[in-house]
Amino acid sequence: MSWTDPRAEIEALTDRLREIRHDLHRHPELGFEEVRTQALVRAWLEERGYQPRNCAETGLVADLHPHSEGPTIALRADLDCLPMQENTDLPYRSVHQGRAHKCGHDGHTAILLGVADILARHRESVRGNIRLLFQPAEEGVRGGGAKVMVEEGALAGVREIYGLHNWPAFPKGELRVQVGPMLAQVHMLSITIRGKGGHGSQPQLCRDPIVAGAHLVSALQTVVSRGLGYAGGAVVSITQFTAGTTHNVIPDVARLKGTIRTFEPSTTERVLERVREVIGGTAATFAVDIDLQIEIGYPVTMNDASCVETVVRVGAAVLGRERVSNAGLPLAGGEDFAYFAQAVPAAYFFLGARRGDEDTPVCHHPDFDFDDDLIPTGVAMFLGIVRDRLAALT
Ligand SMILES: [Zn+2]
Ligand SMILES: [Zn+2]
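In this numbering scheme, every chain counts its residues from 1 along its sequence in written order. Whichever chain is written first is A, and whichever ligand is written first is 1; the rest continue in order. Local features in this predicted model are restricted to residues of pLDDT 70 or higher, and side-chain atom pairs are both shown and tallied only at a pLDDT of 80 or more, whereas totals for entire chains, interfaces and linings draw on every residue. Hydrogens and water are ignored here; the side-chain numbers use all heavy atoms of the structure.

**What about helix α1 (residues 7–26)?**
By the criteria applied, helices consist of DSSP H or I runs no shorter than four residues and strands consist of E runs no shorter than two, each listed in order from the N terminus. In a helix, the anticipated span is given by 1.5 Å times the number of residues less one. In a regular helix each residue adds 1.5 Å, so 20 residues correspond to 28 Å; α1 covers 28 Å between its end C-alpha atoms and thus fits that length. The angle between axes fitted to the seven-residue stretch ending at a residue and the seven-residue stretch beginning at it gives the bend at that residue. Within α1, the axis deviates most sharply at threonine 14, by approximately 40°. Contact criterion: two residues are considered in contact whenever any of their non-hydrogen atoms come within 4.5 Å of each other. Of the surrounding elements, those touching the buried residues of α1 are α2 (35–47), α3 (105–121) and α10 (374–393).

**Some words on the coordination of the zinc ion (ligand 2)**
Note that water is not among the atoms considered, so a metal site may appear incomplete; the donors listed are N, O and S atoms within 2.8 Å of the metal, with 3.2 Å applied to Na, K and Ca. At 2.1 to 2.3 Å from the zinc ion (ligand 2) lie its protein donor atoms, namely Cys103 (SG), His105 (NE2) and His165 (NE2). Look at where the donors of the zinc ion (ligand 2) fall in the sequence and you get C-x1-H-x59-H. A distance of 3.2 Å spans the gap from the zinc ion (ligand 2) to the zinc ion (ligand 1), which cysteine 103 bridges by coordinating each metal.

**Some thoughts on the packing of α1 against α10**
The convention used is that axes are lines fitted to C-alpha atoms, helices contributing only their stretch in contact, and that angles between N-to-C directions extend from 0 to 180 degrees. Axis separation between α1 and α10 bottoms out at 9 Å; the angle between their running directions is 120°. Put simply, α1 runs oblique to α10. You can see that α1 and α10 cross each other, and the crossing is right-handed. When α1 is examined against α10, the residues Ile10, Thr14, Leu17, Arg18 and Arg21 are found in contact with a partner set consisting of Ile375, Pro376, Val379, Ala380 and Leu383. The residue makeup of the contact of α1 with α10, split by class, is seven nonpolar, one polar and two charged. Convention used here: angles under 35 degrees read as roughly parallel, angles over 145 as roughly antiparallel, angles from 65 to 115 as roughly perpendicular, and any remaining angle as oblique. Helix crossings fall into two classes, left-handed where the near helix is turned counterclockwise from the far one by less than a right angle and right-handed where it is turned clockwise. Polarity classes work like this: nonpolar for Ala, Val, Leu, Ile, Met, Phe, Trp, Tyr, Cys and Pro, charged for Asp, Glu, Lys and Arg, and polar for all others, with Gly in that last group.

**Looking at the sheet that holds strand β1 (residues 53–55)**
Sheet architecture is open: eight strands sit in the order β1-β2-β4-β3-β5-β16-β6-β15, paired in mixed fashion. Every other strand in the sheet has two partners, leaving β1 and β15 (324–325) as the edge strands with one partner each. What makes two strands pair is DSSP finding at least two bridges between them. Pairing of β1 with strand β2 (residues 59–63) involves three bridges; the strand directions are antiparallel. Paired with asparagine 54 across the bridge in β2 is leucine 60. The sheet strands contacting α3 are β3 (72–78), β4 (129–135) and β5 (158–171), and the helix crosses β3 at an angle near 145°. Its contacts with the sheet put helix α8 (residues 305–319) on β5, β6 (175–176), β15 and β16 (346–354), and the angle it makes with β16 is roughly 35°.

**What to know about the coordination of the zinc ion (ligand 1)**
Taken together, Cys103 (SG), Glu139 (OE), Glu139 (OE) and His364 (NE2) make up the full set of protein donors to the zinc ion (ligand 1), lying 2.0 to 2.7 Å away. Any site counts as irregular unless it has four donors with all angles between 85 and 135 degrees, making it tetrahedral, or four or six donors with opposite ones more than 155 degrees apart and the rest between 65 and 115, making it square planar or octahedral. Angles of 52 to 150° at the metal separate the four donor atoms of the zinc ion (ligand 1), which places the site in the irregular class. Between the donor residues of the zinc ion (ligand 1), the gaps in sequence give the motif C-x35-E-x224-H. The exposure class of cysteine 103 is buried, given its relative accessible area of 6%. Buried, partly exposed and exposed residues are distinguished by accessible area as a fraction of the type maximum, computed with a 1.4 Å probe on protein chains only: under 20%, between the cut-offs, and over 50%, respectively. Note on histidine 364: relative accessible area 39%, which makes it partly exposed.

**A few points about the pattern of salt bridges**
When charged atoms on two side chains of opposite charge get close, those side chains can pair. The salt bridge definition used is simple: a Lys or Arg side-chain nitrogen within 4 Å of an Asp or Glu carboxyl oxygen. Throughout the structure, instances matching the rule amount to 29 salt bridges. Measuring nitrogen to oxygen at the nearest pair gives 2.8 Å for the salt bridge that ties arginine 21 to aspartate 106. Here the residue arginine 21 occupies a position in helix α1, and aspartate 106 occupies one in helix α3, the gap between them amounting to 85 residues. Owing to a relative accessible area of 0%, arginine 21 belongs among the buried residues under this scheme. Linking arginine 48 and aspartate 117 is a salt bridge whose minimum nitrogen-to-oxygen distance equals 2.6 Å. Pair noted here: arginine 48 is in the loop between α2 and β1 and aspartate 117 is in helix α3, with a separation of 69 residues, a long-range link. Here arginine 48 matches aspartate 117 in class, with each residue buried.

Take a look at the structure:
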(Lines give C-alpha, C1' and ligand atoms only; values in the text may rest on other atoms or scores of the structure.)
(Ligands and ions follow the chains in the order given, each with its own letter.)
Protein backbone atom coordinates (compact mmCIF):
# COMPACT_ATOMS: atom_id res chain seq x y z
CA MET A 1 0.00 0.00 0.00
CA SER A 2 1.21 3.46 -0.83
CA TRP A 3 -0.06 6.76 0.40
CA THR A 4 0.25 8.10 -3.13
CA ASP A 5 -2.78 5.98 -4.09
CA PRO A 6 -4.87 5.38 -0.98
CA ARG A 7 -8.09 4.44 -2.81
CA ALA A 8 -8.14 0.82 -1.65
CA GLU A 9 -7.38 1.85 1.93
CA ILE A 10 -10.14 4.46 1.90
CA GLU A 11 -12.59 1.90 0.57
CA ALA A 12 -11.61 -0.62 3.25
CA LEU A 13 -12.06 2.02 5.96
CA THR A 14 -15.37 3.51 4.81
CA ASP A 15 -17.72 1.10 6.64
CA ARG A 16 -15.96 1.81 9.93
CA LEU A 17 -16.12 5.56 9.34
CA ARG A 18 -19.81 5.32 8.54
CA GLU A 19 -20.41 3.53 11.86
CA ILE A 20 -18.54 6.26 13.70
CA ARG A 21 -20.52 8.93 11.87
CA HIS A 22 -23.76 7.29 12.95
CA ASP A 23 -22.51 7.04 16.53
CA LEU A 24 -21.66 10.76 16.52
CA HIS A 25 -25.06 11.50 14.98
CA ARG A 26 -26.79 9.58 17.75
CA HIS A 27 -24.94 11.57 20.44
CA PRO A 28 -24.85 15.18 19.22
CA GLU A 29 -23.28 17.87 21.41
CA LEU A 30 -23.55 21.65 21.29
CA GLY A 31 -20.64 24.06 20.95
CA PHE A 32 -18.05 23.86 23.76
CA GLU A 33 -19.95 20.86 25.18
CA GLU A 34 -18.43 18.25 22.82
CA VAL A 35 -17.08 16.17 25.71
CA ARG A 36 -18.09 12.74 24.44
CA THR A 37 -17.08 13.61 20.88
CA GLN A 38 -13.71 14.88 22.09
CA ALA A 39 -13.11 11.63 24.03
CA LEU A 40 -14.03 9.53 20.99
CA VAL A 41 -11.69 11.52 18.72
CA ARG A 42 -8.89 11.46 21.31
CA ALA A 43 -9.12 7.65 21.71
CA TRP A 44 -9.07 7.15 17.92
CA LEU A 45 -6.01 9.38 17.56
CA GLU A 46 -4.11 7.88 20.49
CA GLU A 47 -4.70 4.35 19.17
CA ARG A 48 -2.94 5.49 16.02
CA GLY A 49 0.09 6.97 17.72
CA TYR A 50 -0.92 10.64 17.83
CA GLN A 51 -0.51 12.72 20.97
CA PRO A 52 -3.54 15.02 20.71
CA ARG A 53 -3.75 18.07 22.95
CA ASN A 54 -6.89 19.85 24.11
CA CYS A 55 -7.64 23.19 22.51
CA ALA A 56 -10.56 25.62 22.88
CA GLU A 57 -12.06 23.58 25.76
CA THR A 58 -13.56 20.70 23.79
CA GLY A 59 -11.41 20.71 20.66
CA LEU A 60 -8.26 18.77 19.83
CA VAL A 61 -5.05 19.40 17.91
CA ALA A 62 -2.90 16.50 16.71
CA ASP A 63 0.32 16.52 14.68
CA LEU A 64 1.43 13.63 12.48
CA HIS A 65 5.08 14.63 13.03
CA PRO A 66 5.19 16.99 16.04
CA HIS A 67 8.94 17.57 15.75
CA SER A 68 9.16 17.85 11.97
CA GLU A 69 11.40 20.56 10.55
CA GLY A 70 9.32 20.54 7.38
CA PRO A 71 6.21 22.56 6.55
CA THR A 72 2.96 22.00 8.45
CA ILE A 73 -0.32 21.74 6.56
CA ALA A 74 -3.49 21.88 8.68
CA LEU A 75 -6.86 20.21 8.05
CA ARG A 76 -9.97 21.15 9.98
CA ALA A 77 -13.19 19.39 10.98
CA ASP A 78 -15.99 20.92 13.07
CA LEU A 79 -17.51 18.89 15.92
CA ASP A 80 -20.69 20.57 17.15
CA CYS A 81 -24.39 20.03 16.52
CA LEU A 82 -27.35 22.44 16.39
CA PRO A 83 -29.92 23.21 19.10
CA MET A 84 -32.81 21.73 17.13
CA GLN A 85 -35.03 18.69 17.06
CA GLU A 86 -34.27 15.74 14.79
CA ASN A 87 -37.21 14.99 12.52
CA THR A 88 -36.15 11.66 11.02
CA ASP A 89 -36.80 7.99 11.80
CA LEU A 90 -33.16 7.07 11.18
CA PRO A 91 -31.96 4.09 13.24
CA TYR A 92 -29.19 6.37 14.52
CA ARG A 93 -31.36 9.44 15.18
CA SER A 94 -30.37 11.77 18.01
CA VAL A 95 -31.04 10.43 21.50
CA HIS A 96 -31.10 14.00 22.86
CA GLN A 97 -34.14 16.27 22.86
CA GLY A 98 -33.41 19.53 21.09
CA ARG A 99 -29.95 18.59 19.83
CA ALA A 100 -29.16 17.23 16.40
CA HIS A 101 -26.39 17.02 13.81
CA LYS A 102 -28.24 19.00 11.17
CA CYS A 103 -25.22 20.58 9.52
CA GLY A 104 -23.25 17.36 8.90
CA HIS A 105 -20.39 18.08 11.29
CA ASP A 106 -20.67 14.41 12.30
CA GLY A 107 -19.67 13.58 8.72
CA HIS A 108 -16.85 16.14 8.67
CA THR A 109 -15.46 14.65 11.88
CA ALA A 110 -15.64 11.08 10.48
CA ILE A 111 -13.79 12.25 7.36
CA LEU A 112 -10.91 13.72 9.37
CA LEU A 113 -10.72 10.56 11.51
CA GLY A 114 -10.33 8.60 8.27
CA VAL A 115 -7.54 10.92 7.15
CA ALA A 116 -5.85 10.49 10.55
CA ASP A 117 -5.99 6.71 10.22
CA ILE A 118 -4.48 6.51 6.74
CA LEU A 119 -1.79 9.11 7.47
CA ALA A 120 -0.75 7.22 10.59
CA ARG A 121 -0.25 4.03 8.57
CA HIS A 122 2.11 5.89 6.26
CA ARG A 123 3.72 8.07 8.91
CA GLU A 124 7.25 7.12 7.84
CA SER A 125 6.74 8.03 4.18
CA VAL A 126 5.15 11.43 4.86
CA ARG A 127 7.66 14.28 4.82
CA GLY A 128 6.58 17.43 6.59
CA ASN A 129 3.88 17.68 9.23
CA ILE A 130 0.12 17.43 9.00
CA ARG A 131 -1.90 19.03 11.78
CA LEU A 132 -5.42 17.81 12.40
CA LEU A 133 -7.75 20.37 13.98
CA PHE A 134 -10.95 19.07 15.55
CA GLN A 135 -12.77 22.30 16.25
CA PRO A 136 -15.66 22.85 18.67
CA ALA A 137 -18.46 25.39 18.40
CA GLU A 138 -18.77 26.37 14.75
CA GLU A 139 -22.50 27.07 14.93
CA GLY A 140 -23.43 30.52 16.11
CA VAL A 141 -25.01 29.45 19.40
CA ARG A 142 -21.95 30.09 21.50
CA GLY A 143 -19.95 30.07 18.32
CA GLY A 144 -16.45 30.92 17.30
CA GLY A 145 -14.46 27.84 18.32
CA ALA A 146 -12.08 28.58 15.45
CA LYS A 147 -11.31 32.01 16.93
CA VAL A 148 -10.46 30.46 20.29
CA MET A 149 -8.26 27.84 18.63
CA VAL A 150 -6.32 30.53 16.77
CA GLU A 151 -5.91 32.51 20.02
CA GLU A 152 -4.64 29.37 21.75
CA GLY A 153 -1.97 28.88 19.08
CA ALA A 154 -3.47 26.03 17.06
CA LEU A 155 -1.99 27.49 13.89
CA ALA A 156 1.54 28.06 15.23
CA GLY A 157 3.94 26.99 12.48
CA VAL A 158 1.11 26.22 10.02
CA ARG A 159 1.77 27.17 6.38
CA GLU A 160 -1.71 26.53 4.99
CA ILE A 161 -5.09 25.25 6.17
CA TYR A 162 -7.93 23.46 4.39
CA GLY A 163 -11.53 22.81 5.35
CA LEU A 164 -14.62 21.35 3.69
CA HIS A 165 -18.39 21.36 4.11
CA ASN A 166 -21.10 19.16 2.67
CA TRP A 167 -23.72 21.20 0.80
CA PRO A 168 -27.01 19.64 -0.36
CA ALA A 169 -27.90 22.63 -2.54
CA PHE A 170 -25.07 21.60 -4.91
CA PRO A 171 -25.29 18.34 -6.90
CA LYS A 172 -23.63 15.29 -5.42
CA GLY A 173 -20.29 14.49 -7.02
CA GLU A 174 -19.49 18.16 -7.54
CA LEU A 175 -16.97 20.34 -5.76
CA ARG A 176 -17.40 24.10 -5.47
CA VAL A 177 -14.57 26.47 -4.64
CA GLN A 178 -13.28 29.88 -5.65
CA VAL A 179 -10.55 32.40 -4.95
CA GLY A 180 -11.58 35.25 -2.63
CA PRO A 181 -14.87 35.30 -0.74
CA MET A 182 -16.56 31.93 -0.14
CA LEU A 183 -18.88 32.88 2.72
CA ALA A 184 -20.15 36.14 4.14
CA GLN A 185 -19.38 38.58 6.90
CA VAL A 186 -22.23 38.33 9.39
CA HIS A 187 -23.72 41.18 11.44
CA MET A 188 -26.64 40.62 13.80
CA LEU A 189 -29.09 43.49 14.37
CA SER A 190 -31.24 44.07 17.41
CA ILE A 191 -33.58 47.05 17.11
CA THR A 192 -35.75 48.40 19.93
CA ILE A 193 -38.48 50.91 19.06
CA ARG A 194 -39.86 52.85 22.03
CA GLY A 195 -43.04 54.84 21.47
CA LYS A 196 -45.97 55.53 23.73
CA GLY A 197 -48.65 52.95 24.26
CA GLY A 198 -52.30 53.39 25.03
CA HIS A 199 -55.83 52.38 24.12
CA GLY A 200 -56.23 50.80 20.70
CA SER A 201 -59.16 53.16 20.05
CA GLN A 202 -57.11 56.31 20.67
CA PRO A 203 -54.03 56.22 18.43
CA GLN A 204 -53.92 60.03 18.45
CA LEU A 205 -52.71 59.88 22.06
CA CYS A 206 -50.04 57.30 21.31
CA ARG A 207 -46.78 57.04 19.40
CA ASP A 208 -47.28 53.62 17.87
CA PRO A 209 -44.07 51.54 17.74
CA ILE A 210 -45.77 48.88 15.56
CA VAL A 211 -46.50 51.29 12.73
CA ALA A 212 -42.96 52.67 13.02
CA GLY A 213 -41.60 49.13 12.99
CA ALA A 214 -43.66 48.14 9.96
CA HIS A 215 -42.33 51.15 8.05
CA LEU A 216 -38.82 50.38 9.22
CA VAL A 217 -38.99 46.80 7.91
CA SER A 218 -40.12 48.10 4.52
CA ALA A 219 -37.59 50.92 4.44
CA LEU A 220 -34.74 48.54 5.27
CA GLN A 221 -35.55 46.64 2.05
CA THR A 222 -34.15 49.64 0.18
CA VAL A 223 -30.73 49.48 1.86
CA VAL A 224 -29.57 46.96 -0.75
CA SER A 225 -31.94 47.71 -3.64
CA ARG A 226 -31.45 51.52 -3.55
CA GLY A 227 -28.20 51.77 -1.64
CA LEU A 228 -25.79 49.51 -3.52
CA GLY A 229 -26.44 49.77 -7.23
CA TYR A 230 -26.53 46.98 -9.77
CA ALA A 231 -23.73 44.92 -8.23
CA GLY A 232 -25.55 44.51 -4.90
CA GLY A 233 -23.44 42.17 -2.82
CA ALA A 234 -25.36 42.19 0.45
CA VAL A 235 -28.36 40.67 2.18
CA VAL A 236 -30.42 42.50 4.81
CA SER A 237 -33.11 40.35 6.42
CA ILE A 238 -35.40 41.18 9.32
CA THR A 239 -36.14 37.81 10.85
CA GLN A 240 -38.05 38.64 14.02
CA PHE A 241 -40.67 41.28 14.89
CA THR A 242 -42.26 41.19 18.33
CA ALA A 243 -44.71 43.71 19.82
CA GLY A 244 -47.95 43.90 21.72
CA THR A 245 -50.01 41.51 23.80
CA THR A 246 -53.63 41.84 22.70
CA HIS A 247 -56.12 43.40 20.25
CA ASN A 248 -57.02 46.65 22.01
CA VAL A 249 -53.70 47.88 23.41
CA ILE A 250 -51.10 49.84 21.49
CA PRO A 251 -47.81 48.76 23.10
CA ASP A 252 -44.92 50.94 24.22
CA VAL A 253 -42.24 48.87 22.57
CA ALA A 254 -41.58 46.85 19.41
CA ARG A 255 -38.48 44.74 18.88
CA LEU A 256 -36.88 43.61 15.63
CA LYS A 257 -34.01 41.27 14.97
CA GLY A 258 -32.23 40.59 11.73
CA THR A 259 -29.05 39.78 9.91
CA ILE A 260 -26.74 41.51 7.43
CA ARG A 261 -24.49 39.51 5.10
CA THR A 262 -21.71 41.18 3.10
CA PHE A 263 -18.51 40.15 1.32
CA GLU A 264 -16.39 43.31 1.32
CA PRO A 265 -15.56 45.88 4.02
CA SER A 266 -16.62 48.81 1.81
CA THR A 267 -20.03 47.20 1.24
CA THR A 268 -20.38 46.49 4.94
CA GLU A 269 -19.68 50.13 5.76
CA ARG A 270 -22.17 51.38 3.19
CA VAL A 271 -24.89 48.99 4.37
CA LEU A 272 -24.42 49.89 8.04
CA GLU A 273 -24.42 53.59 7.16
CA ARG A 274 -27.73 53.24 5.29
CA VAL A 275 -29.26 51.13 8.08
CA ARG A 276 -28.42 53.88 10.58
CA GLU A 277 -29.81 56.59 8.27
CA VAL A 278 -33.05 54.70 7.69
CA ILE A 279 -33.44 54.13 11.42
CA GLY A 280 -32.77 57.80 12.19
CA GLY A 281 -35.30 58.90 9.56
CA THR A 282 -37.94 56.46 10.78
CA ALA A 283 -37.49 57.58 14.38
CA ALA A 284 -37.97 61.22 13.37
CA THR A 285 -40.97 60.50 11.13
CA PHE A 286 -42.88 58.56 13.79
CA ALA A 287 -41.63 60.40 16.89
CA VAL A 288 -40.29 57.24 18.48
CA ASP A 289 -36.87 56.34 19.92
CA ILE A 290 -35.06 53.62 18.05
CA ASP A 291 -32.06 51.90 19.54
CA LEU A 292 -29.81 49.84 17.27
CA GLN A 293 -27.42 47.21 18.61
CA ILE A 294 -25.06 45.56 16.16
CA GLU A 295 -23.24 42.39 17.07
CA ILE A 296 -20.38 41.50 14.77
CA GLY A 297 -20.42 37.86 13.70
CA TYR A 298 -17.96 35.77 11.71
CA PRO A 299 -15.82 37.60 9.13
CA VAL A 300 -15.77 36.83 5.40
CA THR A 301 -14.21 33.44 4.64
CA MET A 302 -11.49 34.36 2.11
CA ASN A 303 -9.78 31.70 0.01
CA ASP A 304 -6.16 32.05 -1.04
CA ALA A 305 -5.41 31.74 -4.78
CA SER A 306 -2.66 29.15 -4.55
CA CYS A 307 -4.56 27.03 -2.00
CA VAL A 308 -7.58 27.08 -4.31
CA GLU A 309 -5.38 25.96 -7.20
CA THR A 310 -4.45 22.93 -5.13
CA VAL A 311 -8.09 22.13 -4.32
CA VAL A 312 -9.04 22.45 -8.00
CA ARG A 313 -6.15 20.20 -9.08
CA VAL A 314 -6.94 17.55 -6.47
CA GLY A 315 -10.69 17.87 -7.06
CA ALA A 316 -10.14 17.25 -10.79
CA ALA A 317 -8.22 14.07 -9.98
CA VAL A 318 -10.77 12.81 -7.41
CA LEU A 319 -14.05 13.85 -9.10
CA GLY A 320 -13.21 14.91 -12.66
CA ARG A 321 -12.36 18.42 -13.89
CA GLU A 322 -15.88 19.07 -15.21
CA ARG A 323 -17.25 18.57 -11.69
CA VAL A 324 -15.19 21.33 -10.12
CA SER A 325 -16.48 24.89 -10.45
CA ASN A 326 -17.34 28.10 -8.63
CA ALA A 327 -21.01 28.07 -9.65
CA GLY A 328 -23.28 29.51 -6.97
CA LEU A 329 -20.46 31.12 -4.97
CA PRO A 330 -20.04 32.96 -2.72
CA LEU A 331 -22.74 31.85 -0.29
CA ALA A 332 -24.27 34.32 2.16
CA GLY A 333 -23.84 31.92 5.07
CA GLY A 334 -21.22 32.53 7.75
CA GLU A 335 -18.38 30.21 8.84
CA ASP A 336 -15.87 30.59 11.63
CA PHE A 337 -13.27 28.89 9.40
CA ALA A 338 -12.87 32.57 8.41
CA TYR A 339 -10.66 33.08 11.50
CA PHE A 340 -8.26 30.36 10.33
CA ALA A 341 -8.25 31.90 6.85
CA GLN A 342 -7.41 35.32 8.31
CA ALA A 343 -4.37 33.84 10.05
CA VAL A 344 -2.80 31.71 7.28
CA PRO A 345 -3.42 31.02 3.55
CA ALA A 346 -6.49 28.81 3.33
CA ALA A 347 -9.01 27.11 1.12
CA TYR A 348 -12.52 26.07 2.13
CA PHE A 349 -14.61 24.08 -0.32
CA PHE A 350 -18.03 22.50 -0.66
CA LEU A 351 -18.82 18.92 -1.58
CA GLY A 352 -22.24 18.79 -3.23
CA ALA A 353 -24.81 16.42 -1.72
CA ARG A 354 -28.01 16.86 -3.73
CA ARG A 355 -29.32 13.45 -4.83
CA GLY A 356 -30.46 13.48 -8.46
CA ASP A 357 -33.48 15.71 -8.99
CA GLU A 358 -34.63 14.95 -5.48
CA ASP A 359 -35.44 17.77 -3.09
CA THR A 360 -32.62 16.84 -0.68
CA PRO A 361 -33.07 18.55 2.74
CA VAL A 362 -30.52 21.32 3.16
CA CYS A 363 -28.20 21.94 6.11
CA HIS A 364 -30.13 23.13 9.22
CA HIS A 365 -33.39 21.54 8.01
CA PRO A 366 -34.98 19.12 10.55
CA ASP A 367 -34.99 16.33 7.89
CA PHE A 368 -31.32 16.81 6.97
CA ASP A 369 -28.84 13.97 7.30
CA PHE A 370 -25.20 13.92 6.20
CA ASP A 371 -24.73 11.81 3.06
CA ASP A 372 -22.32 8.99 3.90
CA ASP A 373 -21.23 8.74 0.26
CA LEU A 374 -19.25 11.93 0.91
CA ILE A 375 -17.01 10.20 3.45
CA PRO A 376 -14.62 8.53 0.96
CA THR A 377 -14.66 11.63 -1.24
CA GLY A 378 -13.77 13.88 1.69
CA VAL A 379 -10.97 11.57 2.84
CA ALA A 380 -9.57 11.37 -0.72
CA MET A 381 -9.71 15.19 -1.06
CA PHE A 382 -7.87 15.88 2.20
CA LEU A 383 -5.23 13.21 1.54
CA GLY A 384 -4.76 14.49 -2.01
CA ILE A 385 -4.36 18.05 -0.78
CA VAL A 386 -1.70 17.30 1.81
CA ARG A 387 0.17 15.05 -0.62
CA ASP A 388 0.09 17.77 -3.26
CA ARG A 389 1.23 20.51 -0.87
CA LEU A 390 3.96 18.57 0.90
CA ALA A 391 5.36 17.47 -2.48
CA ALA A 392 5.54 21.12 -3.52
CA LEU A 393 6.90 22.49 -0.25
CA THR A 394 9.45 19.86 0.84
ZN1 LIG B 1 -24.42 24.92 10.25
ZN1 LIG C 1 -21.79 23.51 9.19
